[in-house]
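Here is what each chain is made of, one letter per residue.
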Amino acid sequence: MTEVIKIENLSKVYRRPIKRDDKTITEDFWALRDVSLSVNQGDILGIIGKNGAGKSTLLKILSKITTPTSGRITMSGRVGSLLEVGTGFHPEMTGRENVYMNGNVLGMSNAEINRKFEEIVDFSGVADFLETPVKRYSSGMQTRLAFAVAAHLEPEILIIDEVLAVGDAEFQKKCLGKMEEIENSGRTILFVSHNMNAIKNLCNRCIWLKDGLKVEDSRQVSSVISKYLQNASDLANNLSYWEKPINIKENNIISFESIYLLDAGNNPVDQIADFKSEYYLNVKVKCFKETPRLAVGFRVVSENGDILFYSSTSDIDDTQLSLFRVGVNEFKIKLPELHLKSGIYKLNFFAGILGECSIVSPDDSEIAIAFTVDVNQRRALNIQEDRSAILAPLLDWRLT
């Protein structure tokens, strides 16, 4: 097989401020440390790991957005990157102008772009807004157009970070289908995702990064995923609550102050064993200014990345959308009886302005908590069963 990417002893260090003894100092943070790997033409390489593991840093170095501290990279072929919403777009330019600009950056002539233009626009679904400056696009519209450009202008190497999470389910399905089409054409894809099913179904190779180090690299994709998920389960009991105030981005609209999973006695819990008991979410968010149509919500996500449940304040009727006050707002939400099978689950939290933009991505694991479900603890006989379904309700079986 032809080698198209070779990475040798790649490292990246950042300087970050930390507070210690009432004063701020800086320390080295190694986002990547001595990572080496080679990628062959036609490989679909899945890259997994928790936030902060070094995944995005690796892709940014490969995309020449940032430079490594040490190490060497050799790449052959035209590279298309989709690392975050609006990657490579000029906000003042229209959608049409950005399509041509991106194509030119990839080394394509206008004649080549013309041949692909209608296909790009049709795939993106933004035809009615082609003459509108991209700065007026919603995050979802920017993602759809950015993916359409990156995938249809036929780079030999396509680099994709976890931006597909911004699109809706239908668009994500289209994107995964397009990536399979690219795979069949013999081109190479590097794909970062927290969706383990997408990694398992799409990729023929997987690497797991942890704390900037490569800990697994195999064409046995399911094996790498299993080891990663087992490591995540070892950490689950330490993630039963979240309490770290953080101001999201620079818009200074909202921050999540704390999130707890509670039992009926208001005690923090990390394990659900009996769905006949009551469980609650306690969520505190701080609003810095009055923002019409502001909404927050959460998803229950399986360890494979499947979205099992969704709820947000947008479910409230329009007359109550001025719900958020400036200052701290506290919610206590009773969880429904989800009847999940045994496993590790995450509650991912998000915020946005309805009909306009996302402020906090639902896939930002920095704003998330995890909990375990142990079905067998609900059974007097403690019988171990193969319960492959996601839902595992205890039904009332009776002979009649």
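What comes next concerns the included structure. Here the residue index of a chain counts from 1 through its sequence in written order. For a predicted model such as this one, the threshold for reporting local features is a pLDDT of at least 70, and the threshold for listing and counting side-chain atom pairs is 80 or more; totals across whole chains, interfaces and linings nevertheless cover every residue. Side-chain metrics rest on all non-hydrogen atoms present in the structure, leaving aside hydrogens and water.

### A short note on the environment of phenylalanine 256
For phenylalanine 256, the position within the fold is in strand 12 (residues 254-263). Only protein chains enter the area calculation, which uses a 1.4 Å probe; residues under 20% of their type maximum are buried, those over 50% are exposed, and those in between are partly exposed. For phenylalanine 256, a relative accessible area of 0% gives the class buried. Considered as a pair, phenylalanine 256 and cysteine 287 are 31 residues apart in the sequence and their alpha carbons are 9.0 Å apart. Runs of H or I in DSSP of at least four residues are treated as helices and runs of E of at least two as strands, each being numbered from the N terminus.

### A look at the packing of aromatic side chains
Ring pairs are drawn from Phe, Tyr and Trp, using the six-membered ring of Trp, whenever the two centres fall within 6.5 Å, and their geometry is named by plane angle: stacked under 30 degrees, edge-to-face over 60, tilted for the rest. In this structure the tally under the stated criterion is 8 aromatic pairs. Of the aromatic side chains, those joined through ring pairs into one cluster are Phe256, Phe298, Phe309 and Phe349. Should the NZ of a Lys or the CZ of an Arg lie within 6 Å of a ring centre and within 35 degrees of the ring normal, that charge is described as sitting over the ring. Seen from the ring of tyrosine 280, lysine 332 lies directly overhead, with NZ or CZ sitting 4.7 Å from the centre.

### Some remarks on the layout of surface pockets
Two kinds of site are reported from a 1 Å grid over the protein atoms alone, namely cavities, where a 1.4 Å probe fits but cannot get out, and pockets, open sets with protein on both sides within 12 Å along at least five of seven lines, and residues are called lining when an atom falls within 4 Å of a point. Grid points are joined across faces, edges and corners, and a volume is the space filled by probe spheres set on the points. Estimated volume of the second largest pocket: approximately 390 Å³. When residues of the lining of the second largest pocket are traced back to their parent elements, those giving at least two are strand 5 (79-82), helix 2 (95-105) and helix 4 (139-152). With 4 residues, strand 5 is the largest single contributor of residues to the lining of the second largest pocket. The residue makeup of the lining of the second largest pocket, split by class, is 11 nonpolar, 7 polar and 2 charged. Side-chain classes follow a simple rule in which Ala, Val, Leu, Ile, Met, Phe, Trp, Tyr, Cys and Pro form the nonpolar group, Asp, Glu, Lys and Arg form the charged group, and the remainder, Gly included, forms the polar group.

### Some thoughts on the sheet that holds strand 3 (residues 44-48)
In this scheme, strands are said to pair when DSSP sees at least two bridges between them. Strand order in this open sheet of 6 strands is 5-6-7-3-8-9, and the pairing throughout is mixed. The open sheet has two edge strands, strand 5 and strand 9 (213-218), and neither has a second partner. Adjacent strand axes in the sheet meet at a mean angle of 15°, parallel and antiparallel pairs treated alike. Where strand 3 and strand 7 (residues 188-192) come together, 4 bridges link them in parallel fashion. Residue isoleucine 47 lies in a different strand from strand 7, and its bridge partner there is valine 192. To get an axis, a line is fitted to the C-alpha atoms, and for a helix only the part in contact is used. The angle between two axes follows their N-to-C directions and goes from 0 to 180 degrees.

### A short note on the nonpolar core
If you look at the biggest cluster of nonpolar residues, it comprises 45 residues, and the most contacted ones within it are Ile48, Leu145, Phe147, Ile189, Phe191 and Ile199. With 8 residues, the top contributor of residues to this core is helix 4. The criterion used for residue contact is that any of the two residues' heavy atoms lie within 4.5 Å. When neighbours within four sequence positions are excluded, isoleucine 189 is seen to be in contact with Asp43, Ile44, Leu45, Leu158, Ile160, Met179 and Ile182. Joining through side-chain atoms within 4.5 Å is the link that ties buried Ala, Val, Leu, Ile, Met, Phe, Trp, Tyr and Cys residues into a set, and such a set is a nonpolar core. Ranked by size, the runner-up nonpolar core spans 29 residues in total, among them Leu294, Leu335, Leu338 and Tyr345.

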